[in-house]
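Understanding the architecture of this molecule
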Amino acid sequence: MALAYQEVDDRKGDTMDTAGKTVEAVLLIGQREYTQAAQVLKEVLEEDPKNNNAKYYMGVLCLYELNYELAEIFFQRAKELGIDHCGLWMNLAGVQENLGEMQEAEASYKKAVQKAGEKVERWACLTAQAIFYLKKGQYLRVKKNAAQLLQEFPEDYEGYHLQYEIGKAQKQYEICGAVLKKTREKFDGKAVYLGDVLELWRLTKEPEEVLALLKEDGRFMEVLPVLTLRTRVELLGKLKRYEESRKSIGILAGSYQDLDAMIAAVLLAISEGNYKAAKNICIAVMDKLAENTEDVRYFYAVYYSLFAAYFEVKGQVLEETAWWMKQGVEYCEKWMQLYQMEDDDMEETLEFIRNV
């Protein structure tokens, strides 16, 4: 999605028409129609350059596009024009964090917590702020947020989860175990709690033991099927039990449409010479990621689809297929240049396909 934005002359005024268009844009964002939403917001800003809501939602769109620099500009302008809710401060904090502006991000997270009114906002802001501090290794501040969450939300596991995360970050796994033991009766069976249990098993037990525990306790597949299957794939791979690992990959890709598993299934299909199946899986991945072509898995899906398509027809490429492959090669080359990916084998393959 391209967000082509050009500043227009400042002029005041707001109309029911621009207000209605802003609401329309918000609905389009909710429907993930980002390109249409951007066009509507651009029309609003052409009519009303100081429309603070339009600037805020343009920032939201830029954030979805991972264009953090432009997102920050829009959020700052929206703030200058009077937007002051916790959503603005949370989004601005996230943008600033991604840009490495840590002092500004910390101040914005604090502002978000101050502005949060509804319970759901308080929970989200306190949690996001705690994760920010966790990444920075500021564990005393994380503990403070955890205590606040436990005070305000005693029936929620998040405060305990943060205590677990502190122990994990410091590799003090006995702390993690103590947290899980203390909360077992109240939260056993809940997704986040079971996720912590599974993670601690992976960190402290041998692969064979973890696999046996997962087989014995069916709740993990029932509550966390994708995470459980991914863990099985990882551990079976470590044990070189590749046939069992392949079965879990197949379930992940087929039953749960897990993107990482689908890419793994592509590689398995290519290794077996099943190029048609590999190409079809690639197309399914691209369809699922149609709104996020910046995802590395989209790149791999394009790359492997080119590879598979070429070998599927044994190099006898039709004219319309050659045009499609040329477009794919151009995309891959731009992606590799943009993200500074250097891979001689990929470069060689793309050069080979380009000359079809």
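Structure first, text after, so check above.
Residues numbered from 1 in each chain as written. Predicted model: local features only at pLDDT ≥ 70, side-chain atom pairs only at ≥ 80, totals over all residues. Heavy atoms only, no water.

**So, helix H7 (residues 119–135)**
Using the following cut-off: Secondary structure elements follow DSSP: runs of H or I of four or more residues count as helices, runs of E of two or more count as strands, with numbering from the N terminus. Expected helix span is given by 1.5 Å per residue-to-residue step, counting one fewer step than there are residues.
With 17 residues, H7 should cover 24 Å at 1.5 Å per step; its first-to-last C-alpha distance of 25 Å lies within 8% of that length. Following H7 by one or two positions, Gly137 adopts a phi angle in the positive range, close to 75°.

**Regarding the side chain of Thr228**
Definition in use: Each residue gets one of three labels from its accessible area relative to the maximum for its type: buried under 20%, exposed over 50%, partly exposed in between, using a 1.4 Å probe on protein chains only. N or O atoms within 3.5 Å of each other form a polar contact, as long as, within protein, one can give a hydrogen and the other can take it, and as long as residues adjacent in sequence are counted only when both atoms are side-chain atoms. Any two residues whose heavy atoms approach within 4.5 Å at even a single point are treated as in contact.
Here Thr228 is to be found in helix H14 (residues 225–238). Its relative accessible area of 2% is what places Thr228 among the buried residues. Among the polar contacts listed, one links the side chain of Thr228 to the backbone oxygen of Leu224, at a separation of 2.6 Å. Beyond its immediate sequence surroundings of up to four residues, Thr228 is in contact with Leu198, Leu214, Phe220 and Met221.

**Examining the pattern of salt bridges**
Which entries qualify depends on this criterion: By salt bridge we mean one thing: a side-chain nitrogen of Lys or Arg within 4 Å of a carboxyl oxygen of Asp or Glu.
A full pass over the atoms with the stated rule returns 27 salt bridges. Where Asp188 meets Arg219, a salt bridge forms, and the shortest distance between an N and an O atom there is 2.7 Å. With Asp188 in the loop between helix H10 (173–187) and helix H11 (191–204) and Arg219 in helix H13 (residues 219–223), this residue pair connects regions lying 31 residues apart in the sequence. Exposure remark for Asp188: the relative accessible area of 36% places this residue in the partly exposed category. Overall, Arg219 belongs to the partly exposed group, its relative accessible area being 29%. A salt bridge links Lys238 to Glu234, with the nearest nitrogen and oxygen atoms 3.4 Å apart. Highlighted residues: Lys238 and Glu234, both in helix H14, separated by 4 residues, approximately one helical turn. Exposure remark for Lys238: the relative accessible area of 56% places this residue in the exposed category.

**Let's talk about a negative patch on the surface**
The line we're drawing: Residues qualify for a patch when their relative accessible area is over 30% and they have no salt bridge, like charges being joined within 9 Å and the nonpolar side chains of Val, Leu, Ile, Met, Phe, Trp and Tyr within 5 Å. Note that accessible areas follow from Shrake-Rupley with a 1.4 Å probe, and for residues the cover is restricted to the protein chains shown. For the purpose of charge, His is not counted, nor are the chain termini; Lys and Arg are scored as positive and Asp and Glu as negative. The atom standing in for a charge is NZ when the residue is Lys, CZ when it is Arg, CG when it is Asp and CD when it is Glu.
Taken together, the side chains of Glu342, Asp344, Asp345, Glu347 and Glu348 present a region of like negative charge at the surface. If you trace the backbone, Asp345 turns up in helix H20 (residues 344–354).

By themselves these figures say nothing about function.
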